[in-house]
Amino acid sequence: MTPQPGSAGDVLTLISAGSATTRSDLARLTGLARSTISQRVDALIERGLVEETESGESTGGRPPRQLRLHTEDHAFAGVDLGATHCRVALMDISGNVLAECEDGLLIGEGPEQVLAHVSQRLDHLLDQVGRPRVALRAVGIGVPGPVEFATGRPNNPPIMPGWNDYPIPEYFGGGVEVLVDNDVNVMALGEHRNAFPGTSHLLFVKVGTGIGCGIMAEGKLHRGAQGSAGDIGHIRVSGHEDAGCRCGNSACLEAVAGGAAIARRLTELGLAAESGADVVALVQSGNTQALRLVREAGRLIGEVLASLVNFFNPEVIVIGGALSRVHEHLLAGIRETVYRRSLPLATHHLSITRSRTGINAAALGAGILAIEHYLSPDNINRIVNA
Ligand SMILES: [Zn+2]
């Protein structure tokens, strides 16, 4: 359903974006009659979505009443599920974090156990800020595997045993809307909205155990036809035909430059390393072999990104994930290759930088996913017309 211009949903969008702060602003921006604007605003106030205050600056006569989002009474949550952790951020409708928590949790324990834990954390955080469970309007969840976004079902996720095709939203019942997406997508959204809101085209590259990429095009997440856009970890890199990948192919980017691959090569050199975190620890302790391998991984990632830059022409490439903690070495390798191999027009204004949102990117992005869905004109019109 496409909303009619000037619907309650459109009016709310203008208020939440800060484009309109008074009823006169709304009349001017939508071209609707004052009486129609009043109907829309009154309906939004009645549903507890908007509030009107008297605190406007006086322009000589009676000060105009100011419209803004009503931030009490409802709550939203962003959940970041990793292979071994769970982060939950409780947010208000404007995206401000009200409370958050983080703890260890093994995704491999399966959906029922993990989602029971998430549900209990949500209750705990709601309790902490004094809002009842019914105040929770929408929850966004980022998971470490491919997801069919429309249904919220993971699709053959390699590190999530027991989750294939599990209907995650249904676990939470009908009272709250649940949106599930790949962790890299929610990280891209969180990074974009928090650190690069004015950027139209951004790539968020997560370099952890594996490698993935979230794509922001025209300021929106680009998921592709089936939701698998950005799976750059399985793009082939030249000269590494002997490196087998968990996907069944060989010479995949992830199989030669991911945290697990670097750890394996360090082990072959006689160093104790099992994961991306061990690689980071070795680099931070000044181990020259680890440093060299991270830089080389950066060059290989840069080789793939150089093609993506030519193809997609992003303004910003953000490097996140566990290995970005040793970003100076990783970025050096990436920059070296991208600027050498991409077309000059594509790199002229390109900036390649580490994540500014850091470990919070996924939880914040998942929360923003939930809030933006809730505030979308279609959803608001549905609520107002219900
Ligand atoms: Zn592969």
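Residues numbered from 1 in each chain as written. Predicted model: local features only at pLDDT ≥ 70, side-chain atom pairs only at ≥ 80, totals over all residues. Heavy atoms only, no water.

In the annotation of an unreviewed UniProt entry, the entry for the protein reads Sugar kinase of the NBD/HSP70 family, may contain an N-terminal HTH domain, and the organism field reads Nonomuraea solani.

Remarks on the overall build of the protein
Here is the rule: Secondary structure counts use DSSP, requiring at least four H or I residues in a row for a helix and at least two E residues in a row for a strand, with both numbered from the N terminus. Two residues qualify as a contact provided that any one of their heavy atoms is within 4.5 Å of a heavy atom in the partner residue. Methods summary: accessible areas were calculated by the Shrake-Rupley approach with a probe of 1.4 Å, and residue burial reflects only the protein chains presented. His is not counted here, nor are the chain ends, while Lys and Arg score as positive and Asp and Glu score as negative. Where a charge lies is defined by one atom per residue type, namely NZ (Lys), CZ (Arg), CG (Asp) and CD (Glu).
Along the protein, the regular secondary structure elements total 14 helices and 14 strands. The contacts in the protein between residues at least 6 apart in sequence include a share of 60% that link residues at least 24 apart. Taken as a whole, the protein presents about 17,400 Å² of accessible surface, with 49% of it coming from carbon and sulfur. Between the mean site of the 32 positive side-chain charges and the mean site of the 41 negative ones, the protein shows a separation of 4 Å.

Digging into the pairing of strand E10 (residues 202-207)
Under the convention used in this document: Only protein chains enter the accessibility calculation, which uses a 1.4 Å probe; a residue is then buried when its area is under 20% of its type maximum, exposed when over 50%, and partly exposed in between. Strands qualify as paired when DSSP identifies two bridges or more between them.
Of all 6 residues that make up E10, 5 are buried, and the element is covered over most of its length. By the bridge criterion, 6 bridges tie E10 to strand E11 (residues 211-217) in an arrangement that is antiparallel. From the neighbouring strand, Leu202 faces E11, where its bridge partner is Met216. Connecting E10 to the antiparallel partner E11 that follows it, the hairpin turn spans 3 residues. Across 5 bridges, E10 lies against strand E13 (residues 316-320) in parallel orientation. Note on E13: the bridge partner recorded for Phe204 is Val318.

Describing the nonpolar core
Rules: Put simply, a nonpolar core is a bunch of buried Ala, Val, Leu, Ile, Met, Phe, Trp, Tyr and Cys residues held in one set by side-chain atoms that sit within 4.5 Å of each other.
Counting residues in hydrophobic clusters, the biggest one holds 46 residues, and the most contacted among them are Leu12, Leu26, Leu44, Leu49, Leu375 and Ile380. For Ile380, the residues in contact, after removing those within four places along its chain, are Ala8, Gly9, Leu12, Leu44, Leu49, Tyr374 and Leu375. In this structure, Ile215, Ile232, Leu308 and Leu330 belong to the second largest nonpolar core, which totals 43 residues.

So, the environment of Pro64
With respect to the element layout, Pro64 can be found in the loop between strand E1 (50-53) and strand E2 (66-69). Between the C-alpha atom of Pro64 and that of Val256, which follows or precedes it by 192 residues, the distance is 62 Å.

Looking at the coordination of the zinc ion
The cut-off we apply is this: For Na, K and Ca the donor cut-off is 3.2 Å, while for other metals it is 2.8 Å, and in both cases only N, O and S atoms qualify; water is not among them, so sites may look incomplete. The geometry test gives tetrahedral to four donors whose angles all lie between 85 and 135 degrees, gives square planar to four donors and octahedral to six donors whose opposite members are over 155 degrees apart with all other angles between 65 and 115, and gives irregular to the rest.
In this structure, His234 (ND1), Cys245 (SG), Cys247 (SG) and Cys252 (SG) serve as the protein donors to the zinc ion, at separations of 2.0 to 2.3 Å. Note that the zinc ion binds 4 donor atoms; their angles at the metal cover 104 to 120°, and the shape is tetrahedral. Each donor residue of the zinc ion belongs to the same chain, with the gaps between them written as H-x10-C-x1-C-x4-C.

As for the domain arrangement of the protein
Heads up, the condition is: An automatic or database domain assignment supplies the start and end points of every domain. As a working definition, buried area equals the accessible area (1.4 Å probe) given up by two parts on being put together, with both sides summed.
On domain assignment, one finds that the protein holds domain 1 (8-69), domain 2 (75-188 + 362-385) and domain 3 (190-358). If you average the C-alpha positions of domain 1 and of domain 2, the two centres end up 31 Å apart. The interface is formed by 11 residues belonging to domain 1 together with 9 residues belonging to domain 2. Both faces considered, domain 1 and domain 2 share a buried interface measuring about 830 Å² in area, 73% of it formed by carbon and sulfur atoms.

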